[in-house]
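Letter by letter, the chains look like this.
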Amino acid sequence: MTQTPTPSDDRKTIVLTGASRGIGHATVKKFSQEGYRVITCSRHPFSVKCPWPSGPEDHIEVDLGNPESLEHAVGQIKERLVANGSQLHALVNNAGISPKDESGNRLDSITTPMDAWRSVFQVNFFAPIMLARGLFEELQAARGSVVNVTSIAGSRVHPFAGTAYATSKAALAALTREMAADFGPHGIRVNAIAPGEIDTSILSPGTEKLIENIPLRRLGTTSEVAETIYFLCSDPSTYVNGAEIHINGGQHV
């Protein structure tokens, strides 16, 4: 019996976590506009409000805080790549959580419950390396790129970001360097972006007061972050490896 060949999808493919809002949402739009196939990963089902094509077919509902759910998602991603004859050109680890106390205030190093520490590190730190390792062969075949989304809070105490979030992002920045050294010889570049105050629907109250300490005197936009992610996944950055690009209007200087 003659076997029917797998249809080939000539588009470049990206896997993106935390795709349902903010930076993730803008990143999906940017890559879709550039002709990429975008496999989105989120805790939430695909929303009919999302404008990009093939959304439901290329959306994976996954709880990054659950290692078993994450392992299942890796299998689903592999299946969808094979089904379309696609290679994996980029993995963007954008998802992150930052729990607050009952009043909505940041949790510091004294008040953060230990189970919250573990949950934050599972989503913000362990999930990125688990995904990158799980999809290693697919990234290697395409000489792909990994982008980890860290934060300005990873390098300085932030008035709104909690301690568990900040330390997980600092750890992710260190992991990016280690991954760049380990994945690089296999043709996979690994970089990070560290956003500062970005104008999204989940801004903490009082964020506007930080603007006076930002040299550009404004918040960043999600599209500006998405453009930087796209740069790190595209040809102009093919010799950029192990970098962490700060997107904060000079807030860190």
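Keep in mind that this is a model prediction, so the values were computed, not measured.

Asker: Just to check I follow, could you spell out the layout of surface pockets for this structure?
Answerer: The probe, sized like a water molecule, is rolled over the atoms to show the empty space still left. Size it by volume and the second largest pocket reaches roughly 250 Å³. Along the wall of the second largest pocket there are 15 residues; nearest its centre are A142, R143, G144, R189 and T238. Residues of the lining of the second largest pocket, tallied by class, amount to three nonpolar, eight polar and four charged.

Asker: Help me understand the pairing of strand β6 (residues 189-195) in this model?
Answerer: Here is the key point about a regular strand: its side chains alternate between the two faces of the sheet. Counted residue by residue, β6 has seven buried out of seven residues, so it is predominantly covered. Here β6 shows two buried faces, one formed by R189, N191, I193 and P195 and the other by V190, A192 and A194. Across five bridges, the pairing between strand β5 (residues 145-149) and β6 is parallel. From the neighbouring strand, V147 faces β6, where its bridge partner is N191.

Asker: Even after reading the chapter, I still don't get the packing of aromatic side chains, so can you show me in this structure?
Answerer: The geometry of an aromatic ring pair is captured by two quantities: the separation of the ring centres and the angle between the planes. One pass over the full model with this rule turns up six aromatic pairs. Consider the rings of F31 and Y230, whose centres lie 5.2 Å apart with planes at 70°: the pair is edge-to-face. Linking F31 in helix α1 (residues 22-33) with Y230 in helix α6 (residues 222-233), this pair joins segments that are 199 residues apart in sequence. Geometrically, the ring pair formed by Y36 and Y230 is edge-to-face, given 6.0 Å between the ring centres and 80° between the ring planes. Pair noted here: Y36 is in the loop between α1 and β2 (37-42) and Y230 is in helix α6, with a separation of 194 residues, a long-range link. This pair shows no difference in class: Y36 is buried, exactly as Y230 is.

Asker: Whenever I open this one, the pattern of salt bridges confuses me. Can you help?
Answerer: Side-chain pairing between opposite charges can occur once the charged atoms of the two side chains come close. One pass over the structure, following the stated rule, counts five salt bridges. The salt bridge involving K30 is made with E227; its shortest N-O contact spans 3.3 Å. Of this pair, K30 sits in helix α1 while E227 is found in helix α6, placing the two residues 197 residues apart along the sequence. Accessibility expressed as a relative area gives 43% for E227, which makes it partly exposed. Here E138 and K78 are joined by a salt bridge, their closest N and O atoms 3.0 Å apart. Taken together, the residues span a long stretch of sequence, with E138 in helix α4 (residues 136-142) and K78 in helix α2 (residues 67-83) at a distance of 60 residues. Looking at K78, the relative accessible area reads 28%, which means it is partly exposed. One salt-bridge network, held together by shared partners, links K30, E34 and E227.

Cut-off values and rules
- Starting afresh in each chain, residues are numbered from 1 along the sequence in its written order.
- Whole-chain, interface and lining totals are the exception, using all residues; otherwise, since this is a predicted model, local features are given only for residues with pLDDT of at least 70 and side-chain atom pairs are given and counted only at 80 or more.
- Only hydrogens and water are set aside; all other atoms, that is, all heavy atoms of the structure, feed into the side-chain values.
- Both cavities and pockets are sets of points on a 1 Å grid over the protein atoms alone; in a cavity a 1.4 Å probe fits but cannot get out, in a pocket the set is open with protein on both sides within 12 Å along at least five of seven lines, and lining residues sit with an atom within 4 Å of a point.
- Grid points are joined across faces, edges and corners, and a volume is the space filled by probe spheres set on the points.
- Classification used: nonpolar for Ala, Val, Leu, Ile, Met, Phe, Trp, Tyr, Cys and Pro, charged for Asp, Glu, Lys and Arg, polar for all others including Gly.
- The buried label applies to any residue whose accessible area, calculated with a 1.4 Å probe on protein chains only, is under 20% of its type's maximum; exposed applies above 50%, and partly exposed to all values in between.
- Counting from the N terminus, the helices are DSSP H or I runs at least four residues long and the strands are E runs at least two residues long.
- A strand pair is defined by DSSP finding two or more bridges across the two strands.
- Any two rings among Phe, Tyr and Trp, with Trp reduced to its six-membered ring, count as a pair given centres within 6.5 Å; such a pair is stacked if its planes are under 30 degrees apart, edge-to-face if over 60, and tilted if neither.
- Within this document, salt bridges are pairs made up of a side-chain nitrogen of Lys or Arg and a carboxyl oxygen of Asp or Glu, the two lying within 4 Å of each other.

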